[in-house]
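Read off the chains here:
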Amino acid sequence: MRILVLLAGVAINIIVAVLIYGIIVKAMNGGVLPPENIFDMNNEKGLGSIVLGNLGDVMLAVLPIILISIPFLLILIKIPKRTFSKLMFGVIPVYLGLLIFLSGIDYGFGFVGQYIGQMFFDQSRPEGFKWLLLLVGFVLGAAITVSEPAVTVLGDQIEELTNGHIKKLTIRITLAIGIGFASLLSILKILTEINILYFLVPLYAIALIMMIFTPKLFVGLAFDSGGVTGGALTSAFLTPLTLSIAQAVAISNGSKLSILTNGFGIISFISVTPLIAIQALGIIYNIRMKYIHIQDAEESFDDLESFVADSNIEQNINESEAGINERESNEEYTILCDYCGKEEEK
């Protein structure tokens, strides 16, 4: 429960911080948000410019961790200098790995997501062709989640901590289904231009109600999964996809709704659908365990009945043997008495 409170507090603080930032940006721009940048597939950045643009961003991501860790490790923990040198040397491959990873996502996955969103609204295609994006979004969301590194790590840890009772493949498939529905609902919101609150409020209500019937282990796991699934791979692919769909909807329908207002929100769906998916898995797991316990109890009862029946049979056999022995003793006694009587007559 404390973990849930911590996660809820972190999530709420992030939301409040972004809302405050939005108020500041709106005030700085005279009460209106700055205009959105229209995506053009013909003006895409090259790999070199993407890598150069990510140099500073990755440094800003790694540098605070380094600055906080140095006094903590040297003053509080007082680790040996040789170990500290190894840790600092490990920063180099971490930086390079993040740089390559994020640049590859921006160059490949981001463009693919934007391209898919635009092509489904091509004027040469039938009017209803755009609704196939719901199926495409579900498949892409599920496939990306299976390959999300954070989801893989979470599944491995859960399987190890539960001694294999909860398989990592089960967790990954459940989360994949949840994110698939998150992508589907997000695209449905964009195509219909319905306010996001009409989706999020019922979804969170369902998630909170399910907490009553879900085992505590799966409740905590569900809230952790809600934060894990919004990783770099998922957000870097699905966010450009939804924004490009929102742009295509605005152009084709002549909508006055902002592309940013209509396009953003995929991460909020990604945060809530795993809560429902994992808690549903927990309820199914709980029902299955109860069924197994009932079966074990029935088998134990059958074994007890068999044992009692065998005991009764054995008791009957013993009583029969005792009766036979008693009759034999009586017969022997009678014979002996007859013999003694005849001897006395003589």
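Thresholds applied
- Residues numbered from 1 in each chain as written.
- Predicted model: local features only at pLDDT ≥ 70, side-chain atom pairs only at ≥ 80, totals over all residues.
- Heavy atoms only, no water.
- Helix = DSSP H or I, 4+ residues; strand = E, 2+ residues; numbered from the N terminus.
- Buried < 20%, exposed > 50% of the residue type's maximum accessible area, 1.4 Å probe, protein only.
- Contact = heavy atoms within 4.5 Å.
- Phe/Tyr/Trp six-rings, centres within 6.5 Å; stacked < 30°, edge-to-face > 60°.
- Lys, Arg positive; Asp, Glu negative; His and termini not counted.
- Salt bridge = Lys/Arg side-chain N within 4 Å of Asp/Glu carboxyl O.
- Patch = residues over 30% accessible without salt bridge, like charges linked within 9 Å, V, L, I, M, F, W, Y side chains within 5 Å.
- Areas by Shrake-Rupley, 256 points an atom, 1.4 Å probe, with all protein chains shown as cover.
- Core = buried A, V, L, I, M, F, W, Y, C linked by side-chain atoms within 4.5 Å.
- Axes fitted to C-alpha atoms, helices over the stretch in contact; angles between N-to-C directions.
- Parallel < 35°, antiparallel > 145°, perpendicular 65-115°, else oblique.
- Left-handed = near helix turned anticlockwise from the far one by under 90°.
- Nonpolar A, V, L, I, M, F, W, Y, C, P; charged D, E, K, R; others polar.

Caption draft 1: Up close: the overall build of the chain. Helix and strand counts for the chain come out as 12 helices and zero strands. Counting from the amino terminus, the chain carries its helices and strands in the arrangement α-α-α-α-α-α-α-α-α-α-α-α. Among the 346 residues that make up the chain, the fraction classed as buried is 30%. Considering only contacts within the chain whose residues lie at least 6 apart along the sequence, 82% involve residues at least 24 apart.

Caption draft 2: Region of interest: the packing of aromatic side chains. For the structure on display, the rule yields three aromatic pairs. Ring geometry for Phe 199 versus Phe 269: centroids 5.8 Å apart, planes at 70°, classification edge-to-face. Taken together, the residues Phe 199 in helix 8 (residues 197–210) and Phe 269 in helix 12 (residues 266–345) connect sequence positions 70 residues apart.

Caption draft 3: The arrangement of the side chain of Lys 189 in detail. Within the element layout of this structure, Lys 189 appears in helix 7 (residues 168–192). Summary of buried charges: Lys 189 has no salt-bridge partner, and the nearest side chain of opposite charge, Glu 193, is 9.2 Å away.

Caption draft 4: Structural context of a nonpolar patch on the surface. Together, Phe 72, Leu 74, Ile 75, Leu 76 and Ile 77 line one region of the surface with nonpolar side chains, adding up to about 500 Å² of accessible area. Looking at the element boundaries, Phe 72 is found in helix 2 (residues 47–77).

Caption draft 5: Region of the structure containing the nonpolar core. Phe 121, Ile 171, Leu 238 and Ile 245 are the most contacted members of the largest nonpolar core, which totals 46 residues. If you list the elements that add at least two residues to this core, you get helix 4 (91–119), helix 5 (132–146), helix 6 (149–161), helix 7, helix 8, helix 9 (216–228), helix 10 (232–253) and helix 12. Within the second largest apolar cluster, five residues are counted, among which are Val 58, Ile 66, Tyr 95 and Leu 99.

Caption draft 6: Structural detail: the packing of helix 6 against helix 7. Where helix 6 contacts helix 7, the axes come no closer than 8 Å and their chain directions differ by 140°. As the angle between them shows, helix 6 and helix 7 are arranged oblique. Helix 7 is crossed by helix 6, and the crossing has right-handed handedness. On helix 7, the residues that touch Val 151, Thr 152, Leu 154, Gly 155, Asp 156, Ile 158 and Glu 159 of helix 6 are Lys 168, Ile 171, Arg 172 and Leu 175. In terms of residue class, the contact of helix 6 with helix 7 is made up of five nonpolar, two polar and four charged.

Caption draft 7: Main features of unusual backbone geometry. Even without a glycine there, the phi angle at Glu 193 is positive, about 60°. Residue placement: Glu 193 occurs in the loop between helix 7 and helix 8. A relative accessible area of 31% means that Glu 193 is categorised as partly exposed.

Caption draft 8: Structural detail: the packing of helix 6 against helix 9. One way to put it is that helix 6 packs onto helix 9 with a least axis distance of 10 Å and a crossing angle of 155°. Classified by the interaxial angle, the pair formed by helix 6 and helix 9 is roughly antiparallel. Between helix 6 and helix 9 lies a crossing whose hand is right-handed. Facing helix 6, whose interface residues are Ala 150, Val 151, Leu 154 and Ile 158, helix 9 presents Leu 221, Ser 225 and Val 228. Looking at the contact of helix 6 with helix 9, its residues break down into six nonpolar, one polar and no charged.

Caption draft 9: Region of interest: the environment of Ser 225. Note on placement: Ser 225 falls in helix 9. Distance from Ser 225 to Ile 278, taken between C-alpha atoms, is 8.0 Å for residues 53 residues apart in sequence.

Caption draft 10: Spatial organisation of the pattern of salt bridges. Across all of its chains, the model carries one salt bridge by this definition. Across the pair Asp 156 and Lys 168 runs a salt bridge whose closest N-O atoms are separated by 3.4 Å. Of this pair, Asp 156 sits in helix 6 while Lys 168 sits in helix 7; the two residues are 12 residues apart in sequence, bridging distant segments of the chain. For Asp 156, a relative accessible area of 32% corresponds to the partly exposed category. Judged by its relative accessible area of 36%, Lys 168 falls in the partly exposed class.

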